[in-house]
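Letter by letter, the chains look like this.
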Amino acid sequence: MARIAALLTYPVKGCAGTPAREALLTPAGLAHDRSFMVVSEEGVYRTQRRHPLLAVIRPALTPDGTRLSLTAPRAEALHLGVDTSGPRRTVDLFGAAYQGIDQGEEAAEWLSEVLGARSRLVRVPPEHHRVTDGAAPGTSGYADSCAVHVLSRATLALLDRKLAARGARPLPVNRFRPNIVVDGWDEPHTEDRAHRLRVGDAELAYAKLAIRCAVTLVEQESGSRAGPEPLRTLAGYRRAAQGGVAFGTKYAVPRPGRVSVGDEVTVTSWGESEV
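Parameters and conventions
Each chain carries its own residue numbering, running from 1 in the direction its sequence is written. In view of the model being predicted, local features appear only for residues whose pLDDT reaches at least 70, and side-chain atom pairs are presented and counted only at 80 or more, with totals across whole chains, interfaces and linings using the full set of residues. In computing side-chain properties, one takes all heavy atoms of the structure into account and sets aside hydrogens as well as water. Two strands qualify as a pair provided DSSP detects at least 2 bridges between them. Helix numbering and strand numbering both begin at the N terminus, where a helix is a DSSP run of H or I of at least 4 residues and a strand a DSSP run of E of at least 2. Where helices are involved, their axes are fitted lines through C-alpha atoms of the stretch in contact, as for all axes, and angles between N-to-C directions lie from 0 to 180°. Only heavy atoms matter for contacts: two residues are in contact if any of them lie within 4.5 Å across the pair. In this analysis the probe radius is 1.4 Å and the grid spacing 1 Å, with only protein atoms considered; a cavity is a set of points the probe fits into but cannot get out of, a pocket is an open set with protein on both sides within 12 Å along at least five of seven lines, and lining residues have an atom within 4 Å of a point. Grid points are joined across faces, edges and corners, and a volume is the space filled by probe spheres set on the points. Throughout this description, the term nonpolar core refers to a set of buried Ala, Val, Leu, Ile, Met, Phe, Trp, Tyr and Cys residues connected via side-chain atoms within 4.5 Å. Residue exposure (1.4 Å probe, protein chains only): buried if accessible area is under 20% of the type maximum, exposed if over 50%, otherwise partly exposed. Note that His is not counted, nor are the chain ends; the positive residues are Lys and Arg, and the negative ones are Asp and Glu. Salt bridges are identified by distance alone: a Lys or Arg side-chain nitrogen within 4 Å of an Asp or Glu carboxyl oxygen. The term polar contact refers here to a pair of N or O atoms within 3.5 Å; inside protein, the definition further demands a hydrogen-donor-capable atom paired with an acceptor-capable atom, and it admits residues adjacent in sequence only when both atoms are side-chain atoms.

Asks: Quick one: what's the story with the sheet that holds strand 8 (residues 67–72), residue by residue and with numbers?
Replies: Spatially, 7-8-9 is the arrangement adopted by the 3 strands of the open sheet, whose pairing is antiparallel. Every interior strand has two partners, whereas the edge strands, strand 7 (58–61) and strand 9 (75–81), have only one. Mean inter-strand twist for the sheet, computed between neighbouring axes without regard to direction, equals 15°. Its contacts with the sheet place helix 1 (residues 105–115) against strand 8 and strand 9, and it is angled at close to 150° to strand 9.

Asks: Residues and numbers for the layout of surface pockets, please.
Replies: Roughly 370 Å³ of internal volume is contained in the largest pocket. In terms of lining, the largest pocket is formed by 25 residues, of which the most central are Arg 34, Asp 144, Arg 177, Arg 212 and Lys 250. Secondary-structure elements contributing two or more residues to the lining of the largest pocket are strand 13 (148–152) and strand 16 (202–211).

Asks: Can you tell me about the pairing of strand 9, naming the residues and giving the values?
Replies: One ladder, built from 5 bridges, connects strand 8 with strand 9; its direction is antiparallel. Bridging from a neighbouring strand, Leu 68 pairs with Leu 80 of strand 9. Between the antiparallel neighbours strand 8 and strand 9 lie 2 residues, among them Arg 74 with a positive phi of about 60°.

Asks: Describe the sheet that holds strand 10 (residues 88–93), and please don't skip the residues or the numbers.
Replies: Strands sit in the order 2-6-12-11-10 across an open sheet of 5 strands; the sheet is mixed. Of all the strands in the sheet, the pair left with one neighbour each is strand 2 (12–13) and strand 10. Bridge analysis of strand 11 (residues 96–102) against strand 12 (residues 119–123) gives 2 bridges, and the strand direction is antiparallel. Its bridge partner being in strand 12, Ile 101 is matched across the sheet by Arg 123.

Asks: Explain the nonpolar core residue by residue, including any values.
Replies: Core analysis: the largest hydrophobic core is formed by 26 residues, its most contacted members being Leu 25, Val 148 and Leu 204. Among the elements that take part in this core, strand 16 stands out by supplying 4 residues, more than any other. Aside from chain neighbours lying at most four places away, what touches Val 148 is Leu 25, Gly 29, Asn 179, Ile 180, Leu 204, Thr 249, Lys 250, Tyr 251 and Val 253. In terms of nonpolar packing, the next biggest core, distinct from the first, is built from 18 residues, Val 38, Leu 78, Ala 107 and Leu 111 among them.

Asks: I'd love a proper account of the environment of Ser 260, names of residues and values included.
Replies: Note that Ser 260 resides in strand 20 (residues 257–260). For Ser 260 and Ser 40, which are 220 residues apart along the polypeptide, the C-alpha to C-alpha distance reads 36 Å. With residues near it in sequence (within four places) discarded, Ser 260 still touches Ile 4, Leu 7, Arg 21 and Glu 22.

Asks: Describe the side chain of Glu 191, listing the residues and the values that go with them.
Replies: Mapped onto the fold, Glu 191 is located in helix 3 (residues 190–193). Arg 238 is the oppositely charged side chain nearest to the buried, salt-bridge-free Glu 191, at an N-O distance of 7.0 Å. Of note is the side chain of Glu 191, whose polar atom sits 2.9 Å from the side chain of Thr 155. Not counting the four nearest positions on each side in its chain, Glu 191 is found in contact with Val 150, Leu 151, Ser 152, Thr 155, Trp 185, Tyr 206, Gly 248, Thr 249 and Tyr 251.

Asks: Describe the pattern of salt bridges, with residues and values.
Replies: Scanning the model with the defined rule gives 14 salt bridges in all. Across the pair Lys 208 and Asp 133 runs a salt bridge, and its minimum N-O distance is 2.8 Å. Pair noted here: Lys 208 is in strand 16 and Asp 133 is in the loop between strand 12 and strand 13, with a separation of 75 residues, a long-range link. Across the salt bridge formed by Arg 153 and Asp 183, the nearest N and O atoms sit 3.2 Å from each other. A residue pair is termed long-range when its members are at least 10 positions apart, and Arg 153 in helix 2 (residues 153–165) and Asp 183 in strand 14 (residues 180–183) qualify at 30 residues. With relative accessibility at 37%, the residue Asp 183 sits in the partly exposed group. Overlapping salt bridges bring together Arg 89, Asp 102, Glu 105 and Arg 120 as one network.

Set out below in structure tokens:
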């Protein structure tokens, strides 16, 4: 029987994940997931692809989303009251224009010091509306694309075996930044074919494969690039039909609800893999 083994939210895009025992799964993903984003002074998004030190910033958000704390090595903790009503500014996410609410000078100075680059922090405004692509359209905050990223332990175990055959070390799941980790699927990459899932009170609908990028090369505890793995090994057996290497799956949320670690994961509709 497949079950949820872990739930992880990423309140600030690109920063460390926050594990949870239970969470509300909203149409935009786990509550508060990627609801904040670090941007340049010009409003262009920052990710670990160019700023790997984002990985060492650990956010903590109160359940009601009104207070945000940020911690990082060799930096004093930052505690903020979240602004959800301030002036909007235009921000750039993969070349698309969205709106953000700037969280002020204290957050900007703290992030600039930690990252070594002038930065600001923005939050999605309450009226944020973003339609995501894929087989099942949905919405999300500042995520790269779809609302929920699912990865199974069997999928990671297969990669680790292939890495070991090349003399490389196994990789922790945080290299891949999933939202939901599933245990109990015998076959690796079952998530490729699981096109409709029932988890807790919610349902997920397959949108597309998760195409991997250079973020997987970043050692998440230190914020340093540690390549070429896993991309070198994945390129040998996980090339997607549309290009790139695939590892894990992105889902939309047609039915929101509460989910918890230990909840059964039931596949209600199967499809063909796009790999």
